[in-house]
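Overview (structure and organization)
What follows is each chain in one-letter form.
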Amino acid sequence: MAEASERTLPTRIAGRLDKLGRAAVAAVAEVGLGGALFAQSVFWMVLGSRRAQPVRIKATFERAMEVGIQALPIITMMSVTIGMMLAIQGIYTLRVFGAEEQVTIGVGFSVVREFGPLITGILIAGRTGSSLAARIGTMRISQEIDALQVMGINPVRFIVAPALIAMMVMVPLLTFWADLVMLAGAGWYISVSLGMSMAAYTDRIIDIVSVGDVMHGLSKSVLFSILITLVGVINGANVSGGAEGVGKMTTRSVVLAISAIIVTDMVFAFITTR
Amino acid sequence: MSQAAHAEKPVYQRPDLTGATPVVEVEKLVTHYGEREILHGIDLEVREGEIMVIMGGSGSGKSTLLNTLLGLLHPTSGEVRILGEHLHGISDVERTKLRQKMGVAFQGGALFSSLSVLENIMLPLREHTKLDLNTMRIMARLKMQVVALDGFENLMPAELSGGMIKRAAFARAIVMDPRILFCDEPSAGLDPVVASAIDDLILSLRDAMGMSIVVVTHELESAFRIADRICVLDKGNILLIGTVEEVRASTNERIQNLLNRRTEEKVLDPDEYLRNLTAAND
């Protein structure tokens, strides 16, 4: 018995190393696939018309409606809430120093540079990223992607490119909207709590927040939109095993997209603030 | 009543295909899934105007063969020529052009759930032609009449029955007037009446449009009814290519097992079983 366990120990270690290696290779392959998908999408956006296979405006518009307009209510509601929450926490913290009036500085910077893009990205990853993964996964299972290929229609041009364009346009617009609504929510609480007028609050925010700060947040949101789309597409395309497989990959897509957004946000903040 | 209905059934003549040009040529085709070899050197030829049925049990490799013929799987070695062109050796642009001469009716229909029946059927026209919308609609409606689906253009795929989905898939597959039509399990999952109607549709498409048709199926009744020739696949090898009569008359044990729906009997040797078990534990 002891001999048996001695014999199996190296085998077990080798097995675990093998698993780890395979997982690492699979992760690198997924990143590579993401890059290839992005490059192909850009190719079809730019050269599709020359190859008589343009990216369809109607499909792009439909995706944009789905990503943008239909997400407005949830983005608005969450943004007002988070804006108020930032104001509440800011006033509570600054009260220690007797500097409640300075809350606008913290709110202004944190909303346009961090919370606006981050919260919008996370909400879109949960809403649109998951629906993209589920849609592509279902299309794969029902052979719709095979059907596109045998009809001579490039699936990247037909499915991925419209979604990517829609996301790259709508996520920054939603982020800008979220910035405005968050600032309004925070402003309402600050005006009620500190007796500052909305006009004075708005003037202070305009003084503090520069165009560069807004652009910092918006450029991050473009990156997030690309990440959410690619993660959704890759997970959808890797679906196997029927409806259960679609469910698993949809969950994986949301988790991976949110993780990617947070890590990218940190790296972006680190690089741009040095 | 049933006799009258029987009498009304159209009679299809098997065409004389001697000297007909091959439209699909497969030579020494080997295909792998990962490290597992599925097709072990297949040779096959489909002639112009012919209905070739690829038949075999589960795991025989018929779906792999179909996917390789459609260019969805890349073969490890060997050649597939469609209308004289090397399917796997041409550029993407050339392959796209070649695919416009091929139609495919998938087993589950593969209709796009976000598009109506008419939009599904019009899709290849929208993507590959510069026709105006009205002309495309007229062409799609004509094909819907061919498959007896007229009047259902505005329904969504989820609102169709199994038979209607197959018909819509056929309409989409033939909307570009392809020279070759591939059908994956066209009558699978349908009741006998609808399955027979789909068989009639395949035969009428060949007769009316002069298409060459490749059908993959495990439905014996359907295969015998529509086939000009049958290719019997077993474990990645071709057992026989021949007419319906030749297949029926075959003395090959595996073919007879398939025709009589018999499973392979494996005699278990207790000594060998124990030896294998001991070896596995070692």
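Up top you'll find the structure we're talking about.
Only a predicted model underlies this, so the values are computations on that prediction, with no experimental measurement involved. (Residues numbered from 1 in each chain as written. Chains lettered and ligands numbered in written order. Predicted model: local features only at pLDDT ≥ 70, side-chain atom pairs only at ≥ 80, totals over all residues. Heavy atoms only, no water.)

Let's shift gears to the sheet that holds strand β5 (residues 85–86) of chain B. Residue and element names in this part refer to chain B. Spatial strand order, β2-β1-β4-β5: four strands in an open sheet with antiparallel pairing. Of all the strands in the sheet, just β2 (36–47) and β5 have a single pairing partner and so form its edges. Two elements, strand β4 (residues 77–82) and β5, share two bridges in a ladder whose sense is antiparallel. Each bridged residue has a counterpart across the sheet, and for isoleucine 82 the counterpart in β5 is glutamate 85. Against the sheet, helix α2 (residues 62–69) engages β1 (22–33), β2 and β4, with an angle of about 120 degrees to β1. (Pairing = 2+ DSSP bridges. Helix = DSSP H or I, 4+ residues; strand = E, 2+ residues; numbered from the N terminus. Contact = heavy atoms within 4.5 Å. Axes fitted to C-alpha atoms, helices over the stretch in contact; angles between N-to-C directions.)

Each pocket or cavity is described by its volume, and for the largest pocket that value is around 1300 Å³. Among the secondary structure elements, those contributing two or more residues to the lining of the largest pocket are α1 (2–47), α4 (103–141), α5 (144–150), α6 (155–194) and α8 (211–237) of chain A together with α3 (92–99) and α4 (117–128) of chain B. For the lining of the largest pocket, the class distribution of residues is 19 nonpolar, twelve polar and eleven charged. (1 Å grid on protein atoms, 1.4 Å probe; cavity = no way out; pocket = protein on both sides within 12 Å on 5 of 7 lines; lining within 4 Å. Points joined across faces, edges and corners; volume = space filled by probe spheres on them. Nonpolar A, V, L, I, M, F, W, Y, C, P; charged D, E, K, R; others polar.)

Glancing now at unusual backbone geometry. Residue and element names in this part refer to chain B. Unlike most non-glycine residues, alanine 148 shows phi in positive territory, near 60 degrees. Of note, alanine 148 is situated in the loop between α5 (133–146) and α6 (162–174). The backbone of glutamate 185 shows a phi angle near 45 degrees, a positive value even though the residue is not glycine. Residue placement: glutamate 185 occurs in the loop between β7 (180–184) and α7 (192–209). Under the relative-accessibility criterion, glutamate 185 is labelled buried at 5%. (Buried < 20%, exposed > 50% of the residue type's maximum accessible area, 1.4 Å probe, protein only.)

Turning our attention to empty space enclosed by the protein. Within this structure, the stated rule accounts for two cavities of 30 Å³ or more. The computed volume of the largest cavity comes to approximately 150 Å³. Around the largest cavity, the lining comprises 16 residues; the ones closest to its centre are A:Met151, B:Met102, B:Gly103, B:Arg172 and B:Ala173. If you list the elements that add at least two residues to the lining of the largest cavity, you get α5 of chain A together with β6 (102–105), α4 and α6 of chain B. When residues of the lining of the largest cavity are assigned to their parent elements, the largest contribution, three residues, is made by β6(B). Here the second largest cavity is characterised by a volume of approximately 70 Å³. In this structure, the second largest cavity is lined by A:Arg63, A:Glu66, A:Val67, A:Thr128, A:Ser131, A:Leu132, A:Arg135, A:Ala163 and A:Met167. Looking at the lining of the second largest cavity, the elements that each hand over two or more residues are α2 (57–67), α4 and α6 of chain A. With four residues, α4(A) is the largest single contributor of residues to the lining of the second largest cavity. Of the residues contributing to the lining of the second largest cavity, the split by class is four nonpolar, two polar and three charged.

Contacts between chain A and chain B engage 19 residues on the former and 21 residues on the latter. Between chain A and chain B, a total of about 1700 Å² is buried, with carbon and sulfur atoms accounting for 57% of that surface. Viewed at the interface, chain B and chain A are joined by two salt bridges. Inspection of the chain A/chain B interface yields five residue pairs in polar contact (both at pLDDT 80 or more). Secondary-structure elements contributing two or more residues to the side of chain A that touches chain B are α5 and α6 of chain A. Top element by residues in the side of chain A that touches chain B is α5(A). It accounts for six residues. Within the side of chain A that touches chain B, the residues separate by chemical class into eight nonpolar, five polar and six charged. (Buried area = accessible area lost by both parts, 1.4 Å probe. Salt bridge = Lys/Arg side-chain N within 4 Å of Asp/Glu carboxyl O. Polar contact = N/O pair within 3.5 Å; in protein donor to acceptor, adjacent residues only side chain to side chain.)

All names here are of chain B. An order of β6-β7-β8-β3-β9-β10 is seen for the six strands of this open sheet, with the pairing classed as mixed. In this open sheet, the two strands that pair with only one neighbour each are β6 and β10 (237–242). Neighbour-to-neighbour, the strand axes of the sheet open up by a mean angle of 15 degrees, direction not taken into account. In this sheet, strand β8 (residues 212–217) lies alongside β7 in parallel orientation, the contact comprising five bridges. Note on β8: the bridge partner recorded for cysteine 183 is valine 215. The strands touched by α6 within the sheet are β6 and β7, with β6 carrying the most contacts at an inclination of about 170 degrees.

Turning our eyes to something else, we now look at a nonpolar patch on the surface. All names here are of chain A. Together, Val263, Met266, Val267, Phe270 and Ile271 give the surface a local cluster of nonpolar side chains, amounting to about 490 Å² of exposed area. Relative to the assigned elements, valine 263 resides in helix α9 (residues 242–272). Take valine 263: its relative accessible area is 49%, and that puts it in the partly exposed class. (Patch = residues over 30% accessible without salt bridge, like charges linked within 9 Å, V, L, I, M, F, W, Y side chains within 5 Å. Areas by Shrake-Rupley, 256 points an atom, 1.4 Å probe, with all protein chains shown as cover.)

On to the pairing of strand β9 (residues 229–234) of chain B. Residues and elements named next belong to chain B. Burial runs high along β9: six of the six residues are buried. Relative to β9, strand β3 (residues 51–55) runs parallel, the two being bridged by four bridges. Looking at β9, one finds that isoleucine 54 is bridged to cysteine 231. As paired elements, β9 and β10 share five bridges and run antiparallel to each other. What sits directly across from leucine 233, in β10, is isoleucine 238. Here β9 folds back onto β10 in antiparallel fashion, the turn holding two residues, of which lysine 235 has a positive phi close to 45 degrees.

Another aspect to go through is α9(A). All names here are of chain A. Its 31 residues place the ends of α9 44 Å apart at the C-alpha level, agreeing with the 45 Å of an ideal helix rising 1.5 Å per residue. Along α9, the positions that sit buried rather than exposed are Gly245, Val246, Met249, Thr250, Ser253, Ala257, Ile261, Asp265, Phe268 and Ala269. Looking at the buried side of α9, the elements it contacts are α4 and α8. (Expected span 1.5 Å × (residues − 1).)

Our focus in this paragraph is the environment of A:Glu62. All names here are of chain A. Residue position: glutamate 62 is located in helix α2. Classification of glutamate 62 by relative accessible area gives partly exposed; the value is 37%. Distance in space between the C-alpha atoms of glutamate 62 and valine 25 is 36 Å, their sequence separation being 37 residues.

Residue and element names in this part refer to chain A. Between its first and last C-alpha atoms α6 spans 56 Å; for 40 residues at 1.5 Å apiece the expected length is 58 Å, and the two agree. In α6, a bend of some 30 degrees at alanine 161 exceeds every other bend along the element, and proline 162, a proline, comes one to four places later. With a side-chain oxygen lying 2.8 Å from the backbone nitrogen of valine 156, the N-terminal cap of α6 falls on asparagine 154. Looking one or two residues past α6, glycine 195 carries a phi angle of roughly 75 degrees, positive in sign. (Bend = angle between axes of the 7 residues up to and from the residue.)

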